[in-house]
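Listed below, chain by chain, are the residues.
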Amino acid sequence: MRFGPVAIEKAEGAILAHATAAGDKRLRKAHRLTADDIRMLQEAGVREVIAAVLDADDLDEDAAAHRIAAALHAAHVEARPPATGRVNLHASEAGVFLVERAVIDAINGIDPAITIATLEPFATVEAGQMVATVKIIPFAVPENLVAQAETACAAREAFSVKPFAPRRVGLVQSVLPGVKPSVLDKTARITEARLARSASRLTGEDRPPHEEERVAAAIRAQVPDNDMILVFGASAVCDEDDVIPAAIRRVGGTVSRVGMPVDPGNLLVVGTLDGKPVLGAPGCARSPKLNGFDWVLDRLVAGLQVSPEEIASMGVGGLLMEIPTRPQPREVAVKPAPAKVWAVLLAAGQSRRMGAENKLLADFAGKTLVRRAAERVAESRAAGAVAVLGHEAEAVSQALSGLDLRQVKNEDFATGLASSLKVGIRALPPSAAGALVALADMPEVTTADFDRLIEAFVAAGGRAIVRATHGGKRGNPVILPRVLFAEVERLAGDTGARHIIESAPLEVIDVELGAAASLDVDTPEALQAAGGVLEGR
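We now turn to the structure provided with this report. Owing to the predicted nature of the structure, the values given are computational and were not obtained by experimental measurement. (Residues numbered from 1 in each chain as written. Predicted model: local features only at pLDDT ≥ 70, side-chain atom pairs only at ≥ 80, totals over all residues. Heavy atoms only, no water.)

What the chain contains, in helices and strands, is 16 helices and 29 strands. Relative to a compact globule of 537 residues, whose C-alpha radius of gyration would be 24 Å, the chain shows 32 Å and is clearly more extended. Each principal axis of the C-alpha atoms in the chain carries an extent, and together these give about 95 × 75 × 40 Å. The buried share of the chain, taken over its 537 residues, is 48%. Considering only contacts in the chain between residues 6 or more positions apart, those separated by 24 or more positions represent 70%. (Helix = DSSP H or I, 4+ residues; strand = E, 2+ residues; numbered from the N terminus. Rg over C-alpha atoms; globule rule 2.2 N^0.38 Å. Buried < 20%, exposed > 50% of the residue type's maximum accessible area, 1.4 Å probe, protein only. Contact = heavy atoms within 4.5 Å.)

Across its 13 residues, helix α13 (residues 447-459) extends 18 Å between first and last C-alpha, which sits within 8% of the 18 Å expected from 1.5 Å per residue. Turning to α13, its buried residues are Thr 447, Asp 449, Phe 450, Asp 451, Leu 453, Ile 454, Ala 456 and Phe 457. Each element contacted by the buried residues of α13 is listed here: β21 (341-347), α10 (369-378), β26 (434-439), β27 (465-470), β28 (473-481) and β29 (508-512). (Expected span 1.5 Å × (residues − 1).)

The next subject is the packing of helix α3 (residues 101-108) against helix α4 (residues 143-154). The geometry of α3 relative to α4 is characterised by a closest axis approach of 9 Å and an angle of 175 degrees between their N-to-C directions. Compared by their axis directions, α3 and α4 come out roughly antiparallel. Contact with α3, carried on its side by Val 103, Ala 106 and Ile 107, involves Ala 149, Ala 152 and Cys 153 of α4 and no other residues of that element. (Axes fitted to C-alpha atoms, helices over the stretch in contact; angles between N-to-C directions. Parallel < 35°, antiparallel > 145°, perpendicular 65-115°, else oblique.)

Attention now goes to the sheet that holds strand β2 (residues 15-16). The strands making up a sheet associate through hydrogen bonds between their backbones, and the pairing can be parallel or antiparallel. Strand order in the open sheet made by the 3 strands is β1-β5-β2, with antiparallel pairing throughout. This sheet does not close on itself; its edge strands, each paired only once, are β1 (2-7) and β2. As paired strands, β2 and strand β5 (residues 48-53) are joined by 2 bridges and run antiparallel to one another. Residue pairing across strands places Leu 16 opposite Ala 51, the latter belonging to β5. (Pairing = 2+ DSSP bridges.)

What follows concerns the pattern of salt bridges. By the definition in use, this model includes 25 salt bridges. Note that Arg 67 and Glu 143 form a salt bridge whose closest N and O atoms lie 2.9 Å from each other. In this pair, Arg 67 sits in helix α2 (residues 61-71) while Glu 143 sits in helix α4, placing the two residues 76 residues apart along the sequence. For Glu 143, a relative accessible area of 30% corresponds to the partly exposed category. Among the ionic pairs, Arg 490 bridges to Glu 487, the shortest N-O distance being 3.6 Å. (Salt bridge = Lys/Arg side-chain N within 4 Å of Asp/Glu carboxyl O.)

A sheet is described by the order of its strands in space; here 6 strands give the open sequence β16-β15-β17-β20-β19-β18, paired in mixed fashion. Unpaired on one side and paired on the other, β16 (201-206) and β18 (254-258) mark the two borders of the sheet. On average, each strand axis in the sheet is tilted by 20 degrees relative to the strand beside it, whichever way the strands run. Here 4 bridges tie β18 to strand β19 (residues 269-273), and the two strands are oriented antiparallel to one another. By the bridge assignment for β19, Val 258 is matched with Val 269.

Below you can see the structure in the form of structure tokens.
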């Protein structure tokens, strides 16, 4: 192939290197020039073009890419039609991606004109996901280079997808005093979601005390009806004779590995019982974030063996993204400063059920409802406060005059609660470890109530959700830790933080406030019953 300027009268059959105008017609890059194109270009005054002229033994880019892709041995992978010198290859089934580096290196070593790129080995893939791409860099390559690539492809299987084989999975979660059922319930939900990618499912669960004999009995009970057992310990494994590995051995199982060089995921236990895998899950597996547990779980579900030596080799590339909610992160300050909580007072609503009046301006013992709430927030242990205004913003702002809190306006208040929550969270400083979300229409929540919520958040190290309750039922206010601020941006409409709280892989600390946690004033009757008076009523 020759590349460069070509006189227009000699350019028939050449491949354009750049888009070129021919009168009113525009010829695209990589267009092969015809006799009609040459005539139009000459009429337009074009004297030469930058183009590629193929030699007799050249293959154009699409033909070359197609031949190489067709020569690849790749089980459960399908090639898409070539375009612009590229053939993309996609998984035909969900599973684990396997690749033979020697074959890929051999193809890429033939000539820079021929390239192939793949996903990393053992990547988990979905059906239809791209796993590799063959790309020809120039517009054409000599046929003998393509033949060399075909020979390299014939040597052995280049890559494949090992399909998942859906498994029945038993779950054991040991329990210590103080472990909340909500934490165990959330772990079960996250595990179900983790298994869903392979169409596997939980078929049973036991929650024995965190004692070797009781955990062993629970493991044994799950074996007959399942293909795999997952064990979550109430306390992290710290020795090969700790409760979980000891329990596996107690019922006749074997333990091949305690610990892995992947972080998060170090505290994994790998064992077998009656030929079935038994995995002691690290604490980070209570989070949906990728960790070393995923690497081993997915390979086992795909029917791949995971030997102790293979686990030992996972250290290169095994430093994964930190999970902020881990009980023991990699790096912790020696003396962390107490978590700072900022309050977000939501005062932008339209009071639709109140008729023409704005309930936030109702009189409560000589003060407007919104000022009553704002004063209590401002006097609390919160490091600072932001009031989000919207409906009748000017009147509400006047009602808050003189208070030590920042006012921000939500221009989209009419769209619902979510927009106000977003505006409030965005207004918080970087030092805010959590957001105390308070509703301005709850007249009975006191400064002492706010302080109790803040104290619980600080005691948890700023890593838990804190929620007010009434008789054990969820209420308001709530404190969201900073790690969930990004989730607020996904809310829409008249949706509050309830969905975030229920789906987040975080501990939820409930603080009983009594009736104050559920009393808001959405109707004239409710407002009057709470002691409020609206103008004109």
